[in-house]
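Remarks on the overall topology
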Amino acid sequence: MSIFSKFEASTVEKKWYEYWLENKHFASTPDERPAYSIVIPPPNVTGILHMGHMLNLSLQDILIRRARMQGYNACWVPGTDHASIATEAKVVARLKEQGIDKNDLSREDFLKHAWDWTEEYGGLILEQLKKLGASCDWDRTKFTLDEDMSESVIQVFVDLFNKGLIYRGYRMVNWDPEAQTTLSDEEVIFEEKPGFLYHIAYELDGVKEPLVIATTRPETIFGDTAICIHPEDPRFEHLKGEKVKVPIANRWIPIIEDTYVEIEFGTGCLKVTPAHDINDKVLGEKHNLEVIDIFNADATLNAHGLHYESQDRFVVRKAVAKELDGLGVLIKKEEYTHKVGISERTKAVIEPRLSDQWFLKMEKLAEPAIKAVLDSEEVALVPAKFKNTYRHWMENIRDWNISRQLWWGQQIPAYYFSNKPEDFVVAPSAEKALELARMKSENPDLKETDLRQDNDVLDTWFSSWLWPISVFDGIRNPENAEINYYYPTQDLVTGPDILFFWVARMIISGYEFRNEKPFSKVYLTGLVRDKQGRKMSKQLGNSPDALKLIHDFGADAVRVGLMLSSAAGNDLLFDESLCQQGKNFSNKIWNAYRLIDGWEVDDTREHSLVNKEALLWYAQKFQQSLTLINDHFEKYRISDAMMTSYKLIWDDFCSWLLEAIKPAYGDPIDGQTYREVRGLFQENLKLLHPFMPFLTEELWQDMETRTPEEALIVSSWPQVDEFDKKLIERFEEATSIIGGIRNFRKEKELGYKESLALQVIGSSEEIPFESLIQKMGQLSGVNYIDSAPEKSGGSFRANNLEFFIPLEGKIDFEKERLKLEEELKYAKGFLVSVQKKLSNERFVSNAPDLVLANERKKEADALEKIEVIEKSLAAL
RNA sequence: GGGCGCUUAGCUCAGUUGGUUCAGAGCACUUGGUUUACACCCAAGGGGUCGGGGGUUCGAAUCCCUCAGCGCCCACCA
């Protein structure tokens, strides 16, 4: 017999994981069964497993394992994402440590370093995932920069370009000075930051008072090309058409008028810097202003910054303020909180910047994706509350900036054949590009060396938005058997933070390239937070080490812990005690097995009525729970499914069934009970397997010698069958009588070993599960009497039945009387409220019959109860 | 600034269409219990005027209004 304890959990896990791999239980190829596929949200190739992953991946594994048991051809495709900005930033940082500057390397050399890094750390996260028990088809592992994946991306780019949906534009974009690339709007997070509102005086021509403007960014005065006032602001009526001098720069700039300016804000005057603010750019275009770009790529100032050239913008901000103060033109500096754009990846403050970028037109593309989620519900978001967020974003969707000034990623397949920016062709390969370039330039002598490929790479999401299609090679090879079999996938499990980055775009690409949804359900998890509700972060140090958790508690326990309180869309307040609870549950199951497995069997022993009834009841209870669990799964209420299984095993199976059939110490068990309870235990293991794969497989295999085909992982999910609801109710009546007896013992301070005689008063029929009650209540006998006996003892009520237990000389009459009077008072009060309701004519005429009948029953029951209590009181 | 959502026991949350079984679960807590599968355990028990106020209704945790607090998404206010 094997032992499943904390000391051996990891060896048991390793044993079964290897067993599943060896026997190809995770592998899937198309066959005649219906497919059930999930594509993993590819983690960053250089990432490490954190709690968010654990939650997502546990959910996916639970879904895929259950589907596998349900007879689907289950296929979970794993993989990783090249995460261009994040990975490139890490590689640049590592090179820096080695004294190498990225700018001194050629593109090819840099990519070599990046691939070295990827091979060194890449896939580490996938290894960690295995520790959790993830049953992915590892032979299918994909990486977004694999050759076939990249080819798909390039093919899609060319296709969209040829459809006229991709264009190149000179636009204000989000510039990350740290990574030195642009970002899409979704990659910019706005945060409230304390700052200052500087009031600066600009000298006016002539003798008039200087004009005071308010700005949060004094360093941008070098890029000022106008001052804007509101045309109807009476304070500035006399300034229309005038010019002012920019301090320090000493340039003269015009005063323009525009209703964009808010009279109430600041001083009512706005300095206009078209190169560095999106609003100013709009104003600039409207008023034909000069554009002066004052920054270098790393957000230091360029020559326009005069003596501040090469200094960082934040250093310059302070220095400029000081200089302005020295000049006597810094009128005021007030504290001011404003929103600042931060790079999602590098956390650098974003600089709005004008530059040439590639864009994808989104409006038309988004249409089918809007319908699919909001109208036809072909794609369901779980929970549905995210539909609103989705709608809002999709209906206001903006063109997607898909180019990044990085090297790690798919290089944009645009080839320039002259110095003019409009002289380019888009092609899947250099050869094809040359051909096209010769045609477009009408120069047949053009050589491949005359072509220059665009330096930029594509946004990482431009590869991952194809993920559900490209992992099955459905872009390059749209008719292949795999894509037609596995696509569309069933469930996608991910966080709502990437609803727009990724989920929405996958739905868009699904309809564009397959004319079909990529998945039917999107299960959106919440964020994993600590128990104080704070986000988990490295800085706070509140993020538990995922692998250490698995090591300390066991993978099953961690999975259970995660499922115990994580409804879809709700944040999970994680605490290690959840894992402890999971571990306690593992221990409980293990011990139940030890009990069953340790019994000595005697086939000559009688199959008692108690055992027979308890087994029959549990079979019903199991069915009831199974129905509930299936329903929870269908509604993606995974934690409810988990909790229902938990209670079934712990309360019903262990506390009731096993306690009921357990033979006295040292006694053997009858053969029939033994076989039946083992059968029921096996069914329990099936239910638990998706949640706790290792422990269940261990016990399953320990019970009997099994062939690989008989492994639990590929066994069948229990069949739903009809069950006797009435029997379950009768059993519950019995358990509440047992509860009454136990409570009685406790109140009367009687030991649990002391046998008691139970008397049922005035009941015309036998109490349910009488022999069970006798055994569990530790009774010497049960008899039925007409009225409360006159001798000393105590009484209690359960299920509207009155019970009496004789206790010679052990009863405190006064205490008993007070208790009964309390009960009587409550029953009378209850009766009054029911009768009040029943005497209300409008209630009687309006309420449905069922409700009315119930109230009448309540009244009758209350009357009966009062009578019983009064009798007992009289007997005292 | 616009939109959406939340507020139920000490904690985390269930509560379908207002009405049988509606005030629940798990954990935590209190009390009693260890040669008898499991103290990582067993048994019993306490605990909430369902955020405040108003309204609709015979009847409201559930529908409407309002106030307060919290959260999320979107947005170009210097």
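Up top you'll find the structure we're talking about.
Residues numbered from 1 in each chain as written. Chains lettered and ligands numbered in written order. Predicted model: local features only at pLDDT ≥ 70, side-chain atom pairs only at ≥ 80, totals over all residues. Heavy atoms only, no water.

Topic: the overall build of chain A
- When helices and strands are tallied, chain A shows 27 helices and 31 strands.
- Taking 29 Å as the expected radius of gyration for a compact globule of 876 residues, we find that chain A reaches 37 Å, considerably beyond that expectation.
- In terms of overall dimensions, chain A has a C-alpha envelope of 115 × 70 × 55 Å along the principal axes.
- A buried classification covers 54% of the 876 residues belonging to chain A.
- For chain A, the share of sequence-separated contacts (at least 6 apart) that also reach a separation of at least 24 residues comes to 76%.
- Summed over all atoms, the accessible surface of chain A reaches about 40600 Å², with 49% contributed by carbon and sulfur.
- Between the averaged position of the 107 positive side-chain charges in chain A and that of its 144 negative side-chain charges there is a distance of 3 Å. (Helix = DSSP H or I, 4+ residues; strand = E, 2+ residues; numbered from the N terminus. Rg over C-alpha atoms; globule rule 2.2 N^0.38 Å. Buried < 20%, exposed > 50% of the residue type's maximum accessible area, 1.4 Å probe, protein only. Contact = heavy atoms within 4.5 Å. Areas by Shrake-Rupley, 256 points an atom, 1.4 Å probe, with all protein chains shown as cover. Lys, Arg positive; Asp, Glu negative; His and termini not counted. Charge placed at Lys NZ, Arg CZ, Asp CG, Glu CD.)

A word on the side chain of D454
- Along the polypeptide, D454 turns up in the loop between β20 (452-453) and β21 (457-458).
- Look past the residues within four positions of D454 in its chain and what remains in contact with it is R168, W358, Q411, I412, A414 and Y416.

Comments concerning the packing of helix α18 (residues 576-598) against helix α21 (residues 671-688)
- At their nearest, the axes of α18 and α21 sit 11 Å apart, and the two run at 160° to each other. Classed by the angle they form, the pair α18 and α21 counts as roughly antiparallel. Crossing hand, α18 versus α21: left-handed. Of the residues in α21, those touching α18 at F585, I589, A592, Y593, I596 and D597 are Y674, V677, R678, F681 and L688.
- Residue composition of the contact of α18 with α21, grouped by class: nine nonpolar, no polar and two charged. (Axes fitted to C-alpha atoms, helices over the stretch in contact; angles between N-to-C directions. Parallel < 35°, antiparallel > 145°, perpendicular 65-115°, else oblique. Left-handed = near helix turned anticlockwise from the far one by under 90°. Nonpolar A, V, L, I, M, F, W, Y, C, P; charged D, E, K, R; others polar.)

Comments concerning the side chain of T300
- Mapping T300 onto the fold places it in the loop between α7 (278-286) and α8 (313-326).
- Separated by 2.7 Å, the side chains of T300 and D298 make a polar contact.
- Leaving out residues up to four positions away in the same chain, T300 has contacts with I294, F295, S310, Q311 and D312. (Polar contact = N/O pair within 3.5 Å; in protein donor to acceptor, adjacent residues only side chain to side chain.)

Details of the sheet that holds strand β14 (residues 351-360)
- With antiparallel pairing, four strands are arranged side by side in an open sheet as β6-β5-β14-β16. The two strands at the open ends of the sheet, each matched to only one other strand, are β6 (181-183) and β16 (400-401).
- Here three bridges tie strand β5 (residues 166-176) to β6, and the two strands are oriented antiparallel to one another. Among the inter-strand pairings, D176 is bridged to a residue of β6, identified as T181. (Pairing = 2+ DSSP bridges.)

Regarding the packing of helix α19 (residues 609-634) against helix α20 (residues 638-661)
- One way to put it is that α19 packs onto α20 with a least axis distance of 9 Å and a crossing angle of 175°. Comparing their axes, α20 and α19 come out roughly antiparallel.
- Taken together, the residues of the contact of α19 with α20 sort by class into 18 nonpolar, five polar and three charged.

Side note on helix α6 (residues 147-162)
- The first and last C-alpha atoms of α6 sit 22 Å apart over 16 residues, in line with the 22 Å expected at 1.5 Å per residue.
- Remark: G164 follows α6 within two positions and exhibits a positive phi of approximately 80°. (Expected span 1.5 Å × (residues − 1).)

Side note on the protein's contact with RNA strand B
- The full set close to RNA strand B counts 55 residues, and F265, N279, R594, W650 and K746 are the nearest of them.
- Each atom of RNA strand B within 4 Å of the protein belongs either to a base or to sugar and phosphate, the latter forming 64%.
- Measuring from a sugar or linking oxygen of RNA strand B, one finds a backbone N or O atom of A214 at 3.2 Å.
- Note that a phosphate oxygen of RNA strand B is positioned 3.3 Å from one of the side-chain N or O atoms of K662.
- Ranked by the residues each element gives to the surface near RNA strand B, the list is headed by α18, at nine residues.
- Grouping the constituent residues of the surface near RNA strand B by class yields 21 nonpolar, 18 polar and 16 charged. (Near = heavy atom within 4 Å.)

As for the pattern of salt bridges
- Counted under the stated rule, the structure contains 52 salt bridges.
- Between D148 and K142 there is a salt bridge; the shortest N-O distance is 2.8 Å. One exposure class covers both D148 and K142, and it is buried.
- Of the charged contacts in the structure, one is a salt bridge between D233 and R235, with a shortest N-O distance of 2.9 Å.
- Of the residues examined, D233 reaches a relative accessible area of 1% and is grouped as buried.
- Sharing partners across several salt bridges, the network here consists of R217, E219, R313, R317 and E351. (Salt bridge = Lys/Arg side-chain N within 4 Å of Asp/Glu carboxyl O.)

Observations concerning the pairing of strand β31 (residues 801-806)
- Among the six residues in β31, six count as buried, and that is most of the element.
- Covered by surrounding structure in β31 are L801, F803 and I805 together with E802, F804 and P806, the residues of both alternating faces.
- Of the strand pairs in this sheet, strand β28 (residues 756-761) and β31 are connected by three bridges, and their pairing is antiparallel. When the sheet's bridge partners are listed, Q759 is paired in β31 with F804.
- For strand β30 (residues 793-798) and β31, the ladder comprises six bridges, and the chain directions are antiparallel. Bridging from a neighbouring strand, G793 pairs with P806 of β31.

Let's talk about the packing of aromatic side chains
- For the structure on display, the rule yields 44 aromatic pairs.
- A centroid spacing of 5.1 Å and a plane angle of 80° characterise the contact between F731 and F769, whose relative ring orientation is edge-to-face. Taken together, the positions of F731 in helix α23 (residues 725-747) and F769 in the loop between β28 and α24 (770-776) put the pair 38 residues apart, joining distant regions of the chain. Here the two residues F731 and F769 agree in accessibility, since each one is buried.
- The structure contains a cluster of three or more aromatic residues connected by ring pairs, namely W590, Y593, W617, Y618, F622, F653, W656, F681, F731 and F769. (Phe/Tyr/Trp six-rings, centres within 6.5 Å; stacked < 30°, edge-to-face > 60°.)

Let's talk about the nonpolar core
- In terms of nonpolar packing, the biggest core is built from 191 residues, with L360 and F462 touching the most fellow members.
- Ranked by residues supplied to this core, first place goes to α20 with 13 residues.
- If near-sequence neighbours (up to four positions away) are discounted, L360 is found in contact with L160, L165, I166, L365, D399, W400, I402, F462 and W465. (Core = buried A, V, L, I, M, F, W, Y, C linked by side-chain atoms within 4.5 Å.)

Focus: the environment of R842
- In this fold, R842 is placed in helix α26 (residues 841-846).
- Among the residues examined, R842 registers a relative accessible area of 65% and is labelled exposed.
- Distance in space between the C-alpha atoms of R842 and L699 is 61 Å, their sequence separation being 143 residues.

A few points about helix α9 (residues 363-374)
- With 12 residues, α9 should reach 16 Å at 1.5 Å per residue; the first-to-last C-alpha distance of 16 Å fits that figure.
- Of the residues making up α9, those classed as buried are L365, A366, A369, I370, A372, V373 and L374. Along the axis of α9, the buried positions cluster into a sector of 165°, meaning they face one direction only.
- The elements touched by buried residues of α9 are β14, β15 (380-382), α10 (386-395) and α15 (499-513). (Arc of directions from axis to C-beta.)

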